[in-house]
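Chains, contacts and geometry: an overview
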Amino acid sequence: MKSAVENLNPTRVRLTVEVPFEELKDSLDAAYKKINQQVTVKGFRKGKIPARVIDQRFGRGAVLEEAVNDALPKFYTEAVNEAELNVLGQPEVDITELKDGETLNFTAEVDVRPAIEIPDYSGIEVEVDAVEVTDEDVEKSVEQLRERFASTTPVERAAEDGDVVTVDLEAKVEGEVLEDGVANGVSYTIGSGELLDGIDDAVKGLEAGGEATFTSELKGGSAAGKEAEVTVKVTQVAKRELPELDDEFAQMASEFDTLDELRADSRKRLENMKQFDQATQAQERVLEKLLELVEVPVPEKLLEDEINTRKHNLEHHQLGQMGLTLDKYLELQGKTAEEFENETREAAVKGIKTQFVLDELVKQEKLNVNQEELTEHLMRRAASSGMSPDQFAQAVVEQGQVPLLVGEVARGKALAVVVEKATVKDTNGEIIDLSDEDEDEDETEAAAEPADAETSEAAAEEKSEG
């Protein structure tokens with residue numbers, strides 16, 4: 001077999017392959033054997049029909065077609081390996097010449113990973129938000145904890161802001177009560193915004209036994225997005241009472257003995273959260289700077305596939321669970337279809353460029369992924385998908401997605417290398433050291449997960465649903 005490569009553009013090549021006919025012998029034998037098992041000829045036992053009889057009865061062309069279909073993948077793979085191509089997707093194959101007993105010639109056009117040159121990235125500098133926790137932040141955190149320990153006491157008066165009302169609801173669309181539009185004994189805190197738009201004004205001023213009707217757009221269920229006439233009946237009004245902010249509250253709500261200790265712990269927790277957010281911000285901004293340094297051509301077919309994958313995941317794995325259509329989602333987001341298309345394309349381009357650049361860095365830095373790192377990553381992926389680790393692992397293995405997860409971890413390690421060499425300052429001018437913080441690795445991997453991450457998770461979800 002002889003092959004030659006022609007570069008059509010930085011991301012696409014054409015392979016020209018010439019195969020001597022004698023190299024088709026194994027595929028021709030397999031073709032005769034397959035046809036032998038599928039046909040019956042009077043006077044011959046099944047599977048024992050001579051090749052000349054098959055040629056006479058069914059035509060030599062049918063045998064050649066079967067043999068070529070069997071042989072093409074093997075010869076294509078050999079040509080790819082010989083040329084050391086890193087191909088993307090399926091090739092477009094064209095048989096240019098097939099002479100019985102002489103030769104098989106074909107061409108194969110396929111997308112390839114572009115050659116990428118990573119420049120010196122040690123000079124990258126980024127600015128991130130400073131970690132600042134104010135007394136107001138601490139008090140807000142303590143107040144949120146206090147809200148969780150609020151008690152309620154039934155009262156015989158009209159409902160007011162902050163009260164907890166127990167209500168029965170009935171929703172009608174076009175005069176018909178929805179099958180899933182009736183709910184009884186629902187507890188609702190007035191002003192929380194956790195139910196339907198308009199319910200606050202409807203129930204305020206009502207006592208137990210009072211009833212009101214209002215119009216609201218349904219947020220979920222069979223008629224999500226439609227205007228409904230909602231009847232609400234108040235069955236109980238209760239006053240919320242917050243515990244006193246003192247040492248006794250600290251002992252009840254935490255492991256601490258004093259309110260000062262509780263506040264100090266809240267401050268520390270908030271600082272840790274903001275440091276985590278700061279590390280994430282640093283990684284994202286370093287990645288953006290890195291991408292600006294590298295020229296990365298994007299294969300058009302790969303880009304279109306990635307755009308379609310992102311749309312599919314949004315419509316079928318995210319909006320579908322929320323009971324929303326894409327049109328309704330765009331309406332809620334205040335975006336036009338054109339804006340959505342442009343944003344999706346930009347995100348897809350960035351995802352592909354990120355993958356190409358970080359994969360090149362993995363090779364350049366000779367980074368490997370060990371079993372422990374892969375297991376930890378799988379556990380995080382499982383948690384984000386809402387599946388158990390065992391379920392997620394089984395789905396990933398059965399879908400052949402393990403290499404994708406390995407790639408995600410490797411790309412995370414590659415980005416960590418770049419972040420470690422970058423200069424990161426906060427808005428106060430202080431240099432931030434992210435090199436020795438183990439907890440940052442998780443977020444570095446997340447920042448480095450472009451197309452493959454979504455694809456593997458969606459595939460795992462589809463498997464679990466199946």
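Residues numbered from 1 in each chain as written. Predicted model: local features only at pLDDT ≥ 70, side-chain atom pairs only at ≥ 80, totals over all residues. Heavy atoms only, no water.

**Points about the overall build of the chain**
- Along the chain, the regular secondary structure elements total 15 helices and 11 strands.
- A principal-axis box enclosing the C-alpha atoms of the chain has dimensions of 100 × 65 × 40 Å.
- Considering the chain as a whole, with its 466 residues, one finds that 39% of them fall into the buried category.
- Sequence separation of at least 24 residues holds for 70% of the intrachain contacts in the chain that already meet a minimum separation of 6.
- Split by element, the accessible area of the chain, about 26,400 Å² in all, is 44% carbon and sulfur.
- If you average the places of the 51 positive and of the 108 negative side-chain charges in the chain, the two averages end up 9 Å apart. (Helix = DSSP H or I, 4+ residues; strand = E, 2+ residues; numbered from the N terminus. Buried < 20%, exposed > 50% of the residue type's maximum accessible area, 1.4 Å probe, protein only. Contact = heavy atoms within 4.5 Å. Areas by Shrake-Rupley, 256 points an atom, 1.4 Å probe, with all protein chains shown as cover. Lys, Arg positive; Asp, Glu negative; His and termini not counted. Charge placed at Lys NZ, Arg CZ, Asp CG, Glu CD.)

**Let's talk about the environment of glutamate 125**
- Here glutamate 125 lies in strand β5 (residues 125-128).
- Sequence spacing of glutamate 125 and threonine 423 is 298 residues, and the spatial spacing of their C-alpha atoms is 4.6 Å.
- Other than its neighbours up to four places away in sequence, glutamate 125 contacts Lys289 and Thr423.

**Digging into the packing of aromatic side chains**
- Here the structure, examined in full by the defined rule, presents 1 aromatic pair.
- Note on phenylalanine 149 and phenylalanine 249: the rings are 6.2 Å apart at their centroids and 90° apart in plane angle, and the pair reads as edge-to-face. Linking phenylalanine 149 in the loop between α4 (135-148) and β6 (151-154) with phenylalanine 249 in helix α6 (residues 247-253), this pair joins segments that are 100 residues apart in sequence.
- For phenylalanine 249, a relative accessible area of 2% puts it in the buried group. (Phe/Tyr/Trp six-rings, centres within 6.5 Å; stacked < 30°, edge-to-face > 60°.)

**Considering the sheet that holds strand β3 (residues 87-99)**
- Across the sheet, 4 strands lie side by side as β1-β2-β4-β3; this open sheet has antiparallel pairing. In the strand order of this sheet, the two ends are held by β1 (2-9) and β3, each with one partner. Between one strand axis and the next, the sheet turns through 20° on average, direction left out of account.
- Alignment of β1 against strand β2 (residues 12-20), held across 7 bridges, turns out to be antiparallel. Counted as the bridge partner of glutamate 6 is arginine 14 from β2. (Pairing = 2+ DSSP bridges. Axes fitted to C-alpha atoms, helices over the stretch in contact; angles between N-to-C directions.)

**Let's talk about the UniProt feature "domain: PPIase FKBP-type" (unreviewed entry) in the chain**
- Mapped onto this numbering, the UniProt entry gives "domain: PPIase FKBP-type" (unreviewed entry) at residues 162-215.
- Overall, residues 162-215 shows 9% helix and 54% strand. The separation of its end C-alpha atoms is 22 Å. (UniProt positions renumbered as here; feature names shortened; annotations may be inferred.)

**Focus on a negative patch on the surface**
- Taken together, the side chains of Asp247, Asp257, Asp260 and Glu261 present a region of like negative charge at the surface.
- Assignment of secondary structure puts aspartate 260 in helix α7 (residues 259-293).
- The exposed category is assigned to aspartate 260, whose relative accessible area is 59%. (Patch = residues over 30% accessible without salt bridge, like charges linked within 9 Å, V, L, I, M, F, W, Y side chains within 5 Å. Salt bridge = Lys/Arg side-chain N within 4 Å of Asp/Glu carboxyl O.)

**Some words on the pairing of strand β9 (residues 211-217)**
- Burial of the side chains of β9 is restricted to one face: Ala212, Phe214 and Ser216 are buried, whereas none of Glu211, Thr213, Thr215 and Glu217 on the reverse face is.
- With 7 bridges joining them, β9 and strand β10 (residues 227-241) adopt antiparallel strand pairing. Opposite phenylalanine 214, over in β10, you have valine 230 as the bridge partner.

**Describing α4**
- In a regular helix each residue adds 1.5 Å, so 14 residues correspond to 20 Å; α4 covers 20 Å between its end C-alpha atoms and thus fits that length.
- Listed as buried for α4 are Val138, Val142, Leu145 and Arg146. Burial along α4 is one-sided: seen end-on, the buried residues are contained in an arc of 105°. For α4, exposure combined with an orientation more than 90 degrees from the buried face picks out Glu136, Lys140 and Arg148.
- The secondary structure elements touched by the buried residues of α4 are α6 and α7. (Expected span 1.5 Å × (residues − 1). Arc of directions from axis to C-beta.)

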